[in-house]
Amino acid sequence: TMGIPAFIGQYRDGLFRRKVEAISTVSTGFNPDFEDSGKLFTLAAATTMFIRLPRLSSKHLGVNYEFFFQPQSSAADVNIVTNLDSSARIVGVGTSGSTADRVQSIRPNSTQVDARCYLVSVSSVLWLFDSALSLRINSSAELLSTQIGFGGWSTGTTSS
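In what follows, the accompanying structure is described. The numbering scheme is per chain: residues are counted from 1 as the chain's sequence reads. This being a predicted model, a pLDDT of at least 70 is required before a residue's local features are given, and a value of 80 or more before pairs of side-chain atoms are given or counted; all residues contribute to the totals for chains, interfaces and linings. Excluding hydrogens and water, the side-chain values take into account all heavy atoms of the structure.

**Let's talk about the pairing of strand 11 (residues 115–121)**
So, point 1. Of all 7 residues in strand 11, 5 are buried; the element is thus mostly enclosed.
So, point 2. In this sheet, strand 11 lies alongside strand 6 (residues 64–69) in antiparallel orientation, the contact comprising 6 bridges. Across the sheet, residue F69 finds its bridge partner in strand 11, namely A115.
So, point 3. Judged from the 6 bridges that link them, strand 11 and strand 12 (residues 126–132) form a sheet pairing that is antiparallel. Residue pairing for strand 12: Y118 is matched across the bridge by D130.
So, point 4. Adjacent in sequence and paired antiparallel, strand 11 and strand 12 are bridged by 4 residues. When accessible area is computed with a 1.4 Å probe and restricted to protein chains, residues below 20% of their type maximum are described as buried, those above 50% as exposed, and intermediate ones as partly exposed. Helix and strand definitions follow DSSP, with helices as H or I runs of at least four residues and strands as E runs of at least two, each counted in order from the N terminus. Strands are treated as partners if at least two bridges between them are detected by DSSP.

What follows is the structure, given as structure tokens:
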């Protein structure tokens with residue numbers, strides 16, 4: 001019989017599901033490659049983890065990754081960066097100043113909830129960012145203004 005691999009998807013035969021890969025928290029760096037396109041990467045609580053996106057070219061349009069992070073001890077504990085390509089930017093995380101919404105590093109903005117994001121290469125220098133927020137509600141199922149901030153993303157650091 002065929003073993004059941006760690007895939008996600010809706011197909012009953014199991015042959016067309018996406019791969020799921022846990023990022024080791026032993027290392028402080030992880031570099032997905034182009035063959036990892038389409039994977040869902042998961043990450044438990046880590047310390048100073050840098051996920052370095054690969055250097056893009058016009059041949060790599062559509063390369064995509066999804067990341068799911070458990071709550072971290074510090075919001076700065078995990079950063080997704082474009083360090084391997086100084087021209088590349090991640091589009092969709094707003095900042096202040098001249099960088100607008102094109103940044104070199106992103107990170108979860110909360111230590112309270114899980115964080116999920118999706119990145120797809122749309123040009124030789126741009127990664128398009130999309131995320132889903134995990135919101136907390138109180139025991140009366142009310143969403144409070146202080147809880148809306150949980151689960152967002154912000155700019156990170158590129159120092160590694």
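**A closer look at the pairing of strand 5 (residues 49–52)**
So, point 1. Of the two faces of strand 5, the one lined by M49 and I51 and the one lined by F50 and R52 are each fully buried.
So, point 2. In the sheet, strand 3 (residues 29–30) pairs with strand 5 via 2 bridges, with the strands oriented parallel. The residue of strand 5 that forms the bridge with G29 is F50.
So, point 3. Summarising the sheet, strand 5 and strand 7 (residues 78–81) pair through 4 bridges and their orientation is parallel. What sits directly across from F50, in strand 7, is N79.

**So, the pattern of salt bridges**
So, point 1. Each reported salt bridge corresponds to a side-chain nitrogen of Lys or Arg within 4 Å of a carboxyl oxygen of Asp or Glu. Scanning the entire structure with this criterion turns up 4 salt bridges.
So, point 2. For the salt bridge of E21 with K39, the shortest nitrogen-to-oxygen distance reads 2.6 Å. Highlighted residues: E21 in strand 2 (residues 18–22) and K39 in the loop between strand 3 and strand 4 (40–43), separated in sequence by 18 residues.
So, point 3. Between D36 and K39 there is a salt bridge; the shortest N-O distance is 2.8 Å.
So, point 4. Overall, K39 belongs to the buried group, its relative accessible area being 13%.
So, point 5. If you follow the salt bridges from partner to partner, you end up with E21, D36 and K39 in one network.

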